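Topology and contacts: notes
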Protein chains: 2
Amino acid sequence: MSTEPELRRDPVTGRWAIVAPQRALRPMALSDAGPRHRSADERTPCPFCAGQEYDTPNEVFAFRDTGSEPNGPGWRLRVVPNKFPAVRRDAEPATPAAYSTELGAGRGALFCSAPAVGAAEVLIDCPEHIDNPTQLSDEQFRDVLRAYRERLVALATDASLEYVAVFKNVGAEAGASLGHTHSQLIALPIVPELIQAELTGALAHFTHTRRCIFCDLIQNELALGARLVARSDNFVAVTAFAPRFAYEMWVLPLAHQPRYESITNGAALELAQLLKRVLKALDESRHSPAYNWYLHTTPLRAGELAHYHWHLEVIPRTARPAGLEWGGGCHITTAAPERAASELRAALPASG
Amino acid sequence: MSTEPELRRDPVTGRWAIVAPQRALRPMALSDAGPRHRSADERTPCPFCAGQEYDTPNEVFAFRDTGSEPNGPGWRLRVVPNKFPAVRRDAEPATPAAYSTELGAGRGALFCSAPAVGAAEVLIDCPEHIDNPTQLSDEQFRDVLRAYRERLVALATDASLEYVAVFKNVGAEAGASLGHTHSQLIALPIVPELIQAELTGALAHFTHTRRCIFCDLIQNELALGARLVARSDNFVAVTAFAPRFAYEMWVLPLAHQPRYESITNGAALELAQLLKRVLKALDESRHSPAYNWYLHTTPLRAGELAHYHWHLEVIPRTARPAGLEWGGGCHITTAAPERAASELRAALPASG
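As a starting point, this report considers the structure included with it. Model, not experiment: these values are computed from the prediction. (Residues numbered from 1 in each chain as written. Chains lettered and ligands numbered in written order. Predicted model: local features only at pLDDT ≥ 70, side-chain atom pairs only at ≥ 80, totals over all residues. Heavy atoms only, no water.)

**What to know about the interface of chain A and chain B**
Quick note on the threshold: Contacts are assigned to residue pairs that have any heavy atoms within 4.5 Å of one another. Each of two parts loses accessible area, computed with a 1.4 Å probe, when they are put together; buried area is these two losses added. Put simply, a salt bridge is a Lys or Arg side-chain nitrogen that is within 4 Å of an Asp or Glu carboxyl oxygen. Nitrogen and oxygen atoms within 3.5 Å of one another constitute a polar contact, given that in protein one can donate a hydrogen and the other can accept it, and given that sequence-neighbouring residues count only through two side-chain atoms. Helix numbers and strand numbers start at the N terminus; a helix is a DSSP run of H or I with at least 4 residues, a strand a run of E with at least 2. In the scheme used here, Gly and all other residues not listed as nonpolar or charged are polar, with Ala, Val, Leu, Ile, Met, Phe, Trp, Tyr, Cys and Pro taken as nonpolar and Asp, Glu, Lys and Arg as charged. Here, strands pair whenever DSSP counts at least two bridges between them.
Taken together, the contact between chain A and chain B spans 84 residues of the former and 84 residues of the latter. Summed over both partners, the interface of chain A with chain B comes to about 7,100 Å²; 68% of that surface belongs to carbon and sulfur atoms. Across the pair A:Glu338 and B:Arg8 runs a salt bridge, and its minimum N-O distance is 2.9 Å. Put simply, chain A and chain B have 26 residue pairs in polar contact (both at pLDDT 80 or more) between them. Here the element with the most residues in the side of chain A that touches chain B is helix 2 (residues 193–209) of chain A; it accounts for ten residues. Residue classes in the side of chain A that touches chain B are distributed as 47 nonpolar, 18 polar and 19 charged. Relative to strand 2 (residues 16–19) of chain B, strand 14 (residues 331–333) of chain A runs parallel, the two being bridged by three bridges. Counted as the bridge partner of A:Ile332 is B:Ile18 from strand 2 of chain B.

**Quick word on the sheet that holds strand 5 (residues 112–115) of chain A**
Think of a sheet as strands paired side by side through backbone hydrogen bonds, with each pair either parallel or antiparallel. The cut-off we apply is this: Fitting a line to C-alpha atoms yields each axis, with helices limited to the stretch in contact; the angle taken between N-to-C directions then spans 0 to 180 degrees.
Reading across the sheet, the four strands line up as 5(A)-1(A)-2(A)-14(B) and stay open at both edges, with mixed pairing between neighbours. Each edge of the open sheet carries a strand with a single partner, namely strand 5 of chain A together with strand 14 (331–333) of chain B. Recorded for the sheet is a direction-independent mean angle of 25° between the axes of neighbouring strands. When strand 1 (residues 6–9) of chain A meets strand 2 (residues 16–19) of chain A, the two strands line up antiparallel, connected through four bridges. Each residue of the ladder has a partner; that of A:Leu7, found in strand 2 of chain A, is A:Ile18.

**A word on the relation of the copies chain A and chain B**
We count it as follows: To line up the copies, we fit them by least squares on C-alpha atoms, keeping just the residues with pLDDT of at least 70 in both.
After a rotation of 180° and a shift along the axis of 0.0 Å, chain A superposes on chain B with an RMSD of 0.0 Å. Such a combination of rotation and displacement between the chain copies is what one expects of a two-fold axis.

**Brief notes about the pairing of strand 10 (residues 235–239) of chain A**
Residue and element names in this part refer to chain A. Applicable threshold: Only protein chains enter the accessibility calculation, which uses a 1.4 Å probe. A residue is then buried if its area is under 20% of the maximum for its type, exposed if over 50%, and partly exposed in between.
Burial within strand 10 is extensive, with five of its five residues counted as buried. Of the two faces of strand 10, the one carrying Phe235, Ala237 and Thr239 and the one carrying Val236 and Val238 are both buried. Both strand 9 (residues 228–231) and strand 10 contribute to a ladder of three bridges, which runs antiparallel. Looking across to strand 10, one finds that Leu228 is bridged to Val238. Connecting strand 9 to the next strand, strand 10, in antiparallel fashion are three residues.

**Notes on the sheet that holds strand 1 (residues 6–9) of chain B**
The strand order across the open sheet built from four strands is 14(A)-2(B)-1(B)-5(B), with neighbouring strands paired in mixed fashion. The strands lining the two open edges of the sheet, one partner per strand, are strand 14 of chain A together with strand 5 (112–115) of chain B. Adjacent strand axes in the sheet meet at a mean angle of 25°, parallel and antiparallel pairs treated alike.

**As for the nonpolar core**
We apply this condition: What we call a nonpolar core is a set of buried Ala, Val, Leu, Ile, Met, Phe, Trp, Tyr and Cys residues that are connected through their side-chain atoms within 4.5 Å.
Of all hydrophobic cores here, the largest spans 96 residues; its most connected members are A:Ile18, A:Phe214, A:Leu324, B:Ile18, B:Phe214 and B:Leu324. The contacts of A:Phe214, once residues within four sequence positions are left out, are A:Glu198, A:Ala202, A:Trp250, A:Leu252, A:His307, A:Tyr308, A:His309, A:His311 and B:Val12.

**Structural notes on the packing of aromatic side chains**
Residue and element names in this part refer to chain B. Definition in use: Note on ring pairs: Phe, Tyr and Trp rings are taken, using the six-membered ring of Trp, and paired if centres are within 6.5 Å. Classes follow the plane angle, with under 30 degrees stacked, over 60 edge-to-face and the rest tilted.
Counted under the stated rule, the structure contains 19 aromatic pairs over all chains. Arranged with centres 5.7 Å apart and planes meeting at 20°, the rings of Phe141 and Trp293 form a pair that is stacked. Remark: Trp293 occurs in strand 12 (residues 291–296) and Phe141 occurs in helix 1 (residues 138–155); sequence separation between them is 152 residues. Residue class for Phe141 comes out buried when judged on its relative accessible area of 1%. Relative to Trp310, the ring of Phe235 has its centre 6.2 Å away and its plane inclined at 55°; by these criteria the two rings are tilted.

Structure, rendered in structure tokens:
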């Protein structure tokens, strides 16, 4: 049996999944004890620390001091291929039709699979061994957000790719396998199901109103105030109205921006400052829970959409999904988003 | 702010979520240590054990010895309202339009919520304090499956309900809060999103082929054999082709049956025996992982569908979903379903 990663389409719903046997080999340095990993295993050097560059595959991107050499010291942020990738850069893609999500007539065979072509990269946020992104300086945090943009732009040149999923797992409960703060991206020849669901819903709203649903949502949230966590000149953070996890937050640019690629360095700094504040509030009010954040942005080939608006979702792992969640996709949370927002506002550090 | 449970619709995707502040009060008797809870906390008596009937709300259904009184001893299986319900039986439902999932024009306000009317019940599998459903006798296990049917039939008489989600959480990692083996149901005025996605996909297949997609899937799996775990005269267990979790299994009746309500007592016994075997194989090959199972069946008001086929899904919590899963809905697993099936087959106990 092949051990190459495969994309497989669920015969009934059309949902794509990745089967990647090689990922089973990755080391899990984070222990399960405690809500979040707090210190490195002292016995093995952290492969993401300065001086350990030989422990990772060769970098594909970095912010570096002038004159420093790739894969040596002198970097501020490094992007390297994932050593245990769920997708393969060197695989031969199938025809575009093989990656279709169409149901029924256009779908072809019941059991559809195709090589999981794509890119899996790790963005090492900083050379120092810190495990909490709020400990990054504003400039380091900005550079993380700039690196997201740079990788999106670079990967868009690969015609076999349709979407770049960019995310961060903080803490073992959130799926992180190493404590040193880092982000990840997985570039795929498909558009993930939840992004597609947002695009579909947003288009339905636009067709009816000629307005972007996220722009409408922002205006409503600003007017209402009950779910507002924090805002800056150009960004806003709110708790989600119908969350999957308690304290789930959405962070959006106030102006209509379909694609994350358009973020400027100045806006990235402002977003970094806002994110640091709301993440510190989350740490403070929920005792540093494990969490994920992930970027929702327009698919690579979809142009400038009037109906879609990039945003970043932060979901703390405040509960364990059980039968209704996995069986039905319907999530139960126990903290009202309005109460969560009020708690988070109270826990915000002073500005600046 | 109200503490009554609410159904809330995500403004962008239309996905329903339940916000139930009262659920925060429920006790969590299961510790996080170990893959699965194995023994009761000795300090507090288990509310699900024989003799502790006063510790639960009054039963709504039971299999009892002749002449025994409700809420006293003499029961073999009891169904009681959940003491910490995510939905409320006594709430006044909103108009049916309030529970619509339509996007765009028909949707109305951006932020839609409605009272979370419904029923939340706990099905206590047996009076003995055992925590592994495979330790139930064949007859006890059959009675669990009979009780699912009885509650579906009874709750269908409540015109405000559209779907009854029946599931079991085994182990703390799977969301169980008490070790004593039990199932749960949550009856809702909506059809959960994943069931709706299956209905949509199944209808698309039927429109094209005039065949039930699950019937086609069964024929293909039986012919192929690679994902076959076990079969009996009338049921089959396979590993899912595009799983969300490694070792995910689907158990289906071989004949076309849209509604679980049609299961006979004899078929329930046969299904119980098959499930016990495949769950023992899972325990054996994966060191007794936490898992959920949940019943997928036709919504209460949808009649007898030619395109839908009830089945039971078993998902072991073999990994922690991270950024791509929660951000994109795209799951990565590291064990090929064909290898998982082969391991499970090798771990099956002898028949009968």
